[in-house]
Amino acid sequence: MKVTTAALPLLPLFQRLLPGLPGLPTLPGLPTLPGLSDVAALPGRLTGLSLTLLKASALEAAILAGHLLLYPYGIIQERRPAQALRPTDSQDPQPSPPARRLPVPGSPPVVLLHGFIDNRSVFLLLRRSLAQHGRHEIESLNYSPLTCDIRTAAELLGRHVEEICERTGSERVDVVGHSLGGLIARYYVQCLGGDLRVRTLVTLGTPHAGTKVAPLANAHPIVRQMRPGSAVIEELTGPAPGCRTQFVSFWSDLDHVMDPLETACLDHPDLSVQNVRVSGIGHLALPVHPTIATGIRQALDTVDPETQSETETETETETGTGTGKHDGGLTVA
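Residues numbered from 1 in each chain as written. Predicted model: local features only at pLDDT ≥ 70, side-chain atom pairs only at ≥ 80, totals over all residues. Heavy atoms only, no water.

Student: Lay out the pairing of strand β2 (residues 138-141) with the relevant residues and their values.
Tutor: Remark: a regular strand shows side chains that alternate across the two faces of the sheet. The two faces of β2 match: Ile138 and Ser140 on one face and Glu139 and Leu141 on the other face are all buried. Sheet topology places strand β1 (residues 110-113) next to β2; four bridges connect them, and they run parallel. Among the inter-strand pairings, Val110 is bridged to a residue of β2, identified as Ile138. For the segment spanning β1, helix α4 (residues 124-132) and β2, crossover handedness is right-handed. (Buried < 20%, exposed > 50% of the residue type's maximum accessible area, 1.4 Å probe, protein only. Helix = DSSP H or I, 4+ residues; strand = E, 2+ residues; numbered from the N terminus. Pairing = 2+ DSSP bridges. Right-handed = clockwise from strand over helix to strand, strands pointing away.)

Right, here's the structure in full:
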């Protein structure tokens, strides 16, 4: 058998693109070169990768189509429940003031914050899942697609959280933010004193270190703030001593909105961080997929990961605390 060596100069490139592939026996008459077995294994690897990408792309397309149908429903801000008033005796010439509301027992309210050019309709399935598992105080915040500053949106979130705490009597809330929503919530927690109010912040596909995807979108100011090295990103990398909020960041290996992918990992020395790597779905599926919803419920039910022992859950999500970029894994494909 005659084996040509015309492609040998390209082997270093294949080595870089395909690290860690299983090796094959050396072929007779061919020099022993590193990376040759990787090239031989390329077809099988691409087949598996293409099937995973195909499934994830089909799911993203289906979610996008469904979300476009639901989008008009989510444009209007949801109605706030009326604040309960204490009944008074009409014959009392000096009615007593309303009683001071006490903190409600059980889990705190959950605030859902959508991503860029989106609205609260993206959380329809997640909201239902949380409600079915005992979360009765769930509210979504719509910020305008014309919002041009993450700081302004974070201030709006702060006012919204204060209103919820006053109305419900809860001292703290949990927040789930998708994409840009997670970055807005993080700015509120780190830079506006929101750690006093936010117990747990769960981010889904959030560009914590900035994303380089879609350069043409730089015309929008808030997109420029999501770029690596922007003033907002640099501000978030600054010291945050004594931050009281627990952070849980879900990031996907097929999230094409994140460039690089690991930008959705939260790595900060002053924060209590739990990063969960998701395999098999894309950006749009993160707030929709039922397995991710289970992982979110687990994160919200873990009050303090430093004092609670690790437990196995139905999603088999490995958890940890600290600033590592790969604390856990979750496969949904």
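That was the structure; now back to the text.
Student: Residue-level account of unusual backbone geometry, with values.
Tutor: That bond from Asp259 to Pro260 is cis: its omega, 5°, falls within 30 degrees of zero. Along the chain, the position of Pro260 falls in the loop between β5 (246-252) and β6 (272-279). For Ile117, which is not a glycine, the phi torsion comes out positive at approximately 50°. With respect to the helices and strands, the residue Ile117 is situated in the loop between β1 and α4. Since its relative accessible area comes to 51%, Ile117 is described here as exposed. Although it is not a glycine, Ser179 adopts a positive phi angle of roughly 55°. Here Ser179 is to be found in the loop between β3 (173-178) and α6 (180-191).

Student: Lay out the environment of Ser279 in plain terms, naming residues and giving numbers.
Tutor: Relative to the helices and strands, Ser279 is located in strand β6. Of the residues examined, Ser279 reaches a relative accessible area of 13% and is grouped as buried. Through-space distance from the C-alpha of Ser279 to that of Asp253 is 5.6 Å; in sequence the pair is 26 residues apart. Engagement of the side chain of Ser279 in a polar contact is seen with the side chain of Asp253, the distance being 3.2 Å. (Polar contact = N/O pair within 3.5 Å; in protein donor to acceptor, adjacent residues only side chain to side chain.)

Student: Any details on the environment of Val273? Residues and values, ideally.
Tutor: Along the polypeptide, Val273 turns up in strand β6. Residue classification places Val273 among the buried positions, given a relative accessible area of 1%. Sequence-wise, Val273 and Ser249 are 24 residues apart; in three dimensions their C-alpha atoms are separated by 7.5 Å.

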